[in-house]
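Below are the chains, spelled out letter by letter.
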Amino acid sequence: MEICAREHPPFLTGVKRVTAGVLATAMLVTLTATTGASQAAAQSDPRAARSDALGVALFGASPGTSGVSLPSSGGSAAEAPPRVDCRRVKCVALTFDDGPGRYTDTLLRHLAKYQARATFFVVGSNVVTYPRVLRRTVAAGHEIGNHTWSHPLLTRLPASRVRSQIARTDRAVKAVAGVVPHLVRPPYGAFNRAVRRQISRPLVLWSVDTLDWRYRNSATVARRALRSVRPGSIILFHDIHRTTVGAMPRVLKTLAQRGYHFVTVTELFGGRPPHVAFRAAPPKKS
Ligand SMILES: [Zn+2]
């Protein structure tokens, strides 16, 4: 599983080990071998298949049944009843990290064209730089997740700073857009038991990594997203890159043609994301 979410400093090579340990490597290896869907996926993208297998087995038996209590305060459009039942139709959650930024408005226009809802894991320091962009994002019905204040490696912070990274971003989002994020995505996907203890909300990882911070080419980003997507996938993008936003028309068009519904992460899990989410189960065949 690829851990990083944007350009990584060299010290981050150690993060893979940290997170892999937390996520129980043995389980991950076993599941990869036993999940049919992941075998098919492994032919195109072994890394995506591994995370898919993990998500299916841990959480995927019945989306929405692994309960957590969501905070009742605030609330974005994601609190509304899901528009689609992802147990019955093909859903995908497009997620965009590290914004808001200068290309986010263009992305919002692309999404609107397909009535697509997405989830934005925002960095608090960017929220105060681009407050109007965040308001427009919320007004368009997208879900807002917390991606910390300054994008640190949470596993290296004391508990008090983990909490303040999350709380400060919550306050900024609430002040700017009137909602409180219900989801958290740790920077670089890195967390451990200590981090988990400080964050009671669902931690949302991903099952498809476009590596769009590395491949600054729209065609490549689109291809990487499209080749690995499965019903229930959570796809990781970064809306701070022009090339990523440029990939979205093709991603949206192709997935719409394949019959996918574009939902928020909360919708993907029927309103109740699990404590740690990589992807949801595919719909049951009827
Ligand atoms: Zn990030």
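Residues numbered from 1 in each chain as written. Predicted model: local features only at pLDDT ≥ 70, side-chain atom pairs only at ≥ 80, totals over all residues.

## Describing the confidence of the model for the chain
In the predicted model, the chain carries a mean pLDDT of 79, and 71% of its residues have values of at least 70. Note on residues 1-79: pLDDT is under 50 here. Beyond four places in sequence and across chains, it has 129 contacts. (pLDDT = per-residue confidence, 0-100. Contact = placed C-beta atoms within 7 Å.)

## Some details on the packing of helix 7 (residues 131-139) against helix 8 (residues 159-177)
Helix packing for two helices is described by the angle between their axes and how far apart those axes are. In contact at an axis separation of 9 Å, helix 7 and helix 8 are set at 75 degrees when each is read in the N-to-C sense. Comparing the axis directions of helix 7 and helix 8 gives the class roughly perpendicular. Seen from helix 7, the contacting residues are Pro-131, Leu-134, Arg-135 and Val-138; seen from helix 8, they are Val-173, Val-176 and Ala-177. Taken together, the residues of the contact of helix 7 with helix 8 sort by class into 6 nonpolar, no polar and 1 charged. (Axes fitted to C-alpha atoms, helices over the stretch in contact; angles between N-to-C directions. Helix = DSSP H or I, 4+ residues; strand = E, 2+ residues; numbered from the N terminus. Parallel < 35°, antiparallel > 145°, perpendicular 65-115°, else oblique. Nonpolar A, V, L, I, M, F, W, Y, C, P; charged D, E, K, R; others polar.)

## Describing the nonpolar core
Grouped together as the largest cluster of nonpolar side chains are 66 residues, with contacts concentrated most on Val-92, Leu-94, Val-173 and Ile-235. Once residues within four sequence positions are removed from consideration, Leu-94 is found in contact with Ala-116, Ala-118, Ile-235, Phe-237 and Phe-262. (Core = buried A, V, L, I, M, F, W, Y, C linked by C-beta atoms within 7 Å. Buried ≥ 20, exposed ≤ 12 C-beta atoms within 10 Å, placed from the backbone.)

## Let's talk about the packing of helix 10 (residues 218-228) against helix 11 (residues 242-257)
Taken N-terminus to C-terminus, the directions of helix 10 and helix 11 make an angle of 45 degrees; their axes are 8 Å apart at the nearest point. The orientation of helix 10 with respect to helix 11, classified from their angle, is oblique. Considering how the two elements wind past one another, helix 10 and helix 11 form a crossing that is right-handed. Seen from helix 10, the contacting residues are Ser-218, Val-221, Ala-222, Ala-225 and Leu-226; seen from helix 11, they are Thr-243, Thr-244, Gly-246, Ala-247, Arg-250, Val-251 and Thr-254. Here the residues of the contact of helix 10 with helix 11 sort into 6 nonpolar, 5 polar and 1 charged. (Left-handed = near helix turned anticlockwise from the far one by under 90°.)

## Some remarks on helix 8
Each full turn of the α-helix corresponds to 3.6 residues, which orients residues three or four apart in the same direction. End to end, helix 8 covers 27 Å across 19 residues, agreeing with the expected 27 Å (1.5 Å per residue, within 8%). Every buried residue of helix 8 is accounted for by Val-162, Gln-165, Ile-166, Thr-169, Asp-170, Ala-172, Val-173, Val-176 and Ala-177. Projected onto a plane normal to the axis of helix 8, the buried residues spread over an arc of 165 degrees and lie on a single side. Opposite its buried face, helix 8 presents the exposed residues Ala-159, Ser-160 and Ala-175, each directed more than 90 degrees away. In the stretch just after helix 8, Gly-178 is the one whose phi turns positive, near 80 degrees. (Expected span 1.5 Å × (residues − 1). Arc of directions from axis to C-beta.)

## A few points about the environment of Ala-140
Mapped onto the elements, Ala-140 comes out in the loop between helix 7 and strand 3 (143-146). Residue classification places Ala-140 among the partly exposed residues on the basis of 15 C-beta atoms within 10 Å. Each C-alpha atom of the pair Ala-140 and Leu-111 lies 9.3 Å from the other, and the pair is 29 residues apart in sequence. Setting aside residues up to four positions removed in sequence, Ala-140 forms contacts with Leu-108 and Ala-112.

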